[in-house]
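Structural overview
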Amino acid sequence: VLLLTGAGDRTFCAGASLDQFRGGTMSGELFSTLTDQLAALPIPVVCALNGDVFGGGAEIALCCDYRIGVTGSRLLVPAARIGICYPVNGIRRFVERLGHANATRLLVASEELDTDALLQTGFLHRVVEGEQLAEQAEAMARHIAGLGPLAVRAMKRILDGVSGNSLDSGAAEELVLRCSQSRDLQEGLAA
């Protein structure tokens, strides 16, 4: 399990630097490479959102499998306000993870969401008080790490394939079969 968080206690991620964007040192393509690699990790990723989330920080969080936020945090993707069309693979990720209507709220309307709305849209899985975030995120990571590793990886891969409409049914069935014949299963049943 990978546990991802930001530094400090006010902002998880402020998104791309507008100065870097203006100067050409930050591009949508470079950012897409980062998010695609994070989303493609074969292990579960728990995101501890330690504050507000802006711009590309929202997509970084959506690349994670489980998101825990703090009370009072908010999210805003200002691309439309600035005149930037969000990268296609990022738009796809917002739609896959949150649905078309919520992606539209965040990207087209550039709507700011509070903690309650982040829970309702499914962006956050859980909200805790700021002082509980590290403990709760570590507990979730330890919980997932204690589960059957082969089954966890297989289901993550299948879920990602289903949500991205790229599921190879034959490969998915092979993963299921491999789990059913694994030592992990025998240990789990014995426990």
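Before reading further, recall that the structure is shown in the block above.
Reading the values: the criteria
- Residues numbered from 1 in each chain as written.
- Predicted model: local features only at pLDDT ≥ 70, side-chain atom pairs only at ≥ 80, totals over all residues.
- Heavy atoms only, no water.
- Helix = DSSP H or I, 4+ residues; strand = E, 2+ residues; numbered from the N terminus.
- Buried < 20%, exposed > 50% of the residue type's maximum accessible area, 1.4 Å probe, protein only.
- Contact = heavy atoms within 4.5 Å.
- Disulfide = S-S within 2.5 Å.
- Salt bridge = Lys/Arg side-chain N within 4 Å of Asp/Glu carboxyl O.

**Observations concerning the side chain of Ser32**
- Within the fold, Ser32 resides in helix α2 (residues 28-39).
- For Ser32, a relative accessible area of 11% corresponds to the buried category.
- Residues in contact with Ser32, not counting those within four places in the same chain, are Pro87 and Asn89.

**Brief notes about the state of the cysteines**
- Summed over the entire model, instances satisfying the criterion amount to 0 disulfides.
- Looking at the unpaired Cys47, the closest cysteine sulfur is the one in Cys64, lying at 4.2 Å.
- Relative accessible area serves as the criterion here: at 0%, Cys47 is assigned to the buried category.
- With no disulfide of its own, Cys63 lies 6.6 Å from the sulfur of Cys64, the closest cysteine sulfur.

**Regarding the pattern of salt bridges**
- Counted under the stated rule, the structure contains 8 salt bridges.
- With a shortest N-O distance of 3.3 Å, Arg74 and Asp52 are connected by a salt bridge. Linking Arg74 in strand β6 (residues 74-76) with Asp52 in strand β4 (residues 52-54), this pair joins segments that are 22 residues apart in sequence.
- Exposure remark for Arg74: the relative accessible area of 30% places this residue in the partly exposed category.
- On the basis of relative accessible area, Asp52 is assigned to the buried category, the value being 14%.
- Among the ionic pairs, Glu112 bridges to Arg74, the shortest N-O distance being 3.5 Å. Taken together, the residues Glu112 in the loop between α6 (100-107) and β7 (113-114) and Arg74 in strand β6 connect sequence positions 38 residues apart.
- Taken together, the salt bridges that share partners define one network made up of Asp36, Glu59 and Arg93.

Geometric values such as these leave the question of function open.
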